[in-house]
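# Observations on the three-dimensional arrangement
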Amino acid sequence: MKIFYLTFLIAIFLSFRTIIIQAQTTQTKLNQIELMKQFTGIWKCEKDDTTDIIEDKLFGDGHELYMKTETKGKIIWEGKSIIGYNKKSDMLIESLLERWIPNSTFLTIWSVRFLSTNKFEEILLDEISNPEKATEKWIYELKSPDLMINTWMNNNKVVSVYTFKRVK
Amino acid sequence: MKKLCFPAIIAAFLLFCTNVIQAQTTQMKLNQVELMKQFLGSWKCDVDKDTTAFWDTKSYGTGLENKYNYVTNGKIVEEGKQLWGYDKRIDKYYATTLPKGMDIYIDVYCFISKNKCKIFSLYDIENPDKAPVRWEIEFKSPDMFTETYISNNEPFKIRTFTRIK
């Protein structure tokens, strides 16, 4: 009877543990497409004489963005980007066409990955195989629905922090 | 005098050959940024009996932005946006496409002659000629290009785009 009781208890313990592990896995599998929607809107960051603007609009389940940096009222940098989910890679991808005024244009492709429900990081797609050693990294964090902190890191060291407030 | 003349002729010949080779190399190195400008403008293609594809391509620095849609019986049935940007490291263009309601994907565009451009998925960049599907666009004139879909080196679909604007 004792052996039967012990076996029964072990079985219950194991099934309980399985349920906990399953629950944790479900919790860590974040819905990247839905979470990204929190960032739509118009955002503004003002620092000294420089203003950064991000306009993020939905396009289907994806996003289209326009960004610019103005210093003393003149645009010194601007970019257009699209963000969408790619099933084959199982991640969001951002393609950014940026223009340094007057005439330098280039395209960079980024992987977008949510680390928690309000925070995502961007790494160049070239460096996705070894994200810990990524030369460049951007972290976007929503501190509240109307406040976003963008951190630019180079070789895992913080270069700049931008505080964006929602305009719309 | 004859002895002096002979080496001079050989030297002149070698110099001439060098110039020819240099000229050929310059000619072979196509200016991808300039050639991509052929895509600028508005284009249309009758893709099916009732369906027409419309492309509208604008420049953005050395990049291009494109809006496209497919119209069936007057209704938009599919639409999307594209960003094309030049990458100096590979001397090719990346084109990212975001079709509304579908997955994002990345293709690579590369002119192989002044009027012919080959296109393949980023997944096939290591071996584009063995890509399951690749495309070739050929400008027949400034106002017309054909898009040929190729699988296992066999063309299986050809579309013709004509300029509207």
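Cut-off values and rules
- Residues numbered from 1 in each chain as written.
- Chains lettered and ligands numbered in written order.
- Predicted model: local features only at pLDDT ≥ 70, side-chain atom pairs only at ≥ 80, totals over all residues.
- Helix = DSSP H or I, 4+ residues; strand = E, 2+ residues; numbered from the N terminus.
- Contact = placed C-beta atoms within 7 Å.
- Buried ≥ 20, exposed ≤ 12 C-beta atoms within 10 Å, placed from the backbone.
- Pairing = 2+ DSSP bridges.
- Axes fitted to C-alpha atoms, helices over the stretch in contact; angles between N-to-C directions.
- Nonpolar A, V, L, I, M, F, W, Y, C, P; charged D, E, K, R; others polar.

## Observations regarding the overall build of chain B
Summing up its helical and strand segments, chain B has two helices and ten strands in all. For chain B, the N- to C-terminal ordering of α and β elements is α-α-β-β-β-β-β-β-β-β-β-β. Restricting to contacts in chain B with at least 6 residues of sequence separation, those with at least 24 account for 20%.

## Some details on the overall build of chain A
Across its full length, chain A carries two helices and ten strands. Expressed as a percentage of its 168 residues, the buried residues of chain A come to 18%. Within chain A, counting contacts between residues at least 6 apart in sequence, those at least 24 apart form 22% of the total.

## Thoughts on the sheet that holds strand 6 (residues 104-116) of chain A
Hydrogen bonding along the main chain pairs the strands of a sheet, whether they run parallel or antiparallel. Residue and element names in this part refer to chain A. With respect to topology, ten strands assemble into a closed barrel ordered 1-2-3-4-5-6-7-8-9-10, the strand pairing being antiparallel. Recorded for the sheet is a direction-independent mean angle of 25 degrees between the axes of neighbouring strands. In the sheet, strand 3 (residues 62-71) pairs with strand 4 (residues 74-86) via nine bridges, with the strands oriented antiparallel. What sits directly across from Met 67, in strand 4, is Gly 79.

## Looking at the environment of B:Pro142
Residues and elements named next belong to chain B. Relative to the assigned elements, Pro 142 resides in the loop between strand 8 (134-141) and strand 9 (144-151). Residue Pro 142 is classed as exposed on the basis of its C-beta count, with 10 C-beta atoms lying within 10 Å. When the C-alpha atoms of Pro 142 and Gln 38 are compared, they prove to be 6.9 Å apart, with 104 residues separating the residues in sequence.

## Quick word on the pairing of strand 9 of chain B
Residues and elements named next belong to chain B. Two strands pair when backbone bridges link them, and strand 8 and strand 9 are joined in this way by seven bridges, in the antiparallel orientation. Note that in strand 9 the partner of Trp 135 across the bridge is Tyr 149. Between strand 8 and strand 9, which pair antiparallel and follow one another directly, the connecting turn spans two residues. Bridge count between strand 9 and strand 10 (residues 154-163): eight bridges; the pairing is antiparallel. What sits directly across from Phe 145, in strand 10, is Phe 161. From the end of strand 9 to the start of strand 10, which pair antiparallel, there are two residues, and Asn 152 there has a positive phi angle of about 50 degrees.

## Concerning the interface of chain B and chain A
Facing 18 residues of chain B, the contacting portion of chain A comprises 20 residues. Elements with a minimum of two residues in the side of chain B that touches chain A: strand 3 (63-72), strand 4 (75-87), strand 5 (92-99) and strand 6 (105-113) of chain B. A per-element tally of the side of chain B that touches chain A places strand 4 of chain B first, with four residues. Grouping the amino acids of the side of chain B that touches chain A by side-chain chemistry returns seven nonpolar, six polar and five charged.

## Here we look at the sheet that holds strand 3 of chain B
In space, the ten strands of this closed barrel follow the order 1-2-3-4-5-6-7-8-9-10 (chain B), with antiparallel pairing throughout. Mean inter-strand twist for the sheet, computed between neighbouring axes without regard to direction, equals 25 degrees.

## As for the environment of B:Asp143
Residue and element names in this part refer to chain B. Structurally, the position occupied by Asp 143 is in the loop between strand 8 and strand 9. Its 12 C-beta neighbours within 10 Å are what place Asp 143 among the exposed residues. When the C-alpha positions of Asp 143 and Ile 164 are compared, they lie 8.2 Å apart, and in sequence the two are 21 residues distant. Beyond its immediate chain neighbours, meaning those up to four positions away, Asp 143 contacts Thr 162 and Arg 163.

## Describing unusual backbone geometry
Although it is not a glycine, A:Asn156 adopts a positive phi angle of roughly 65 degrees. Here A:Asn156 shows up in the loop between strand 9 (147-154) and strand 10 (157-166).

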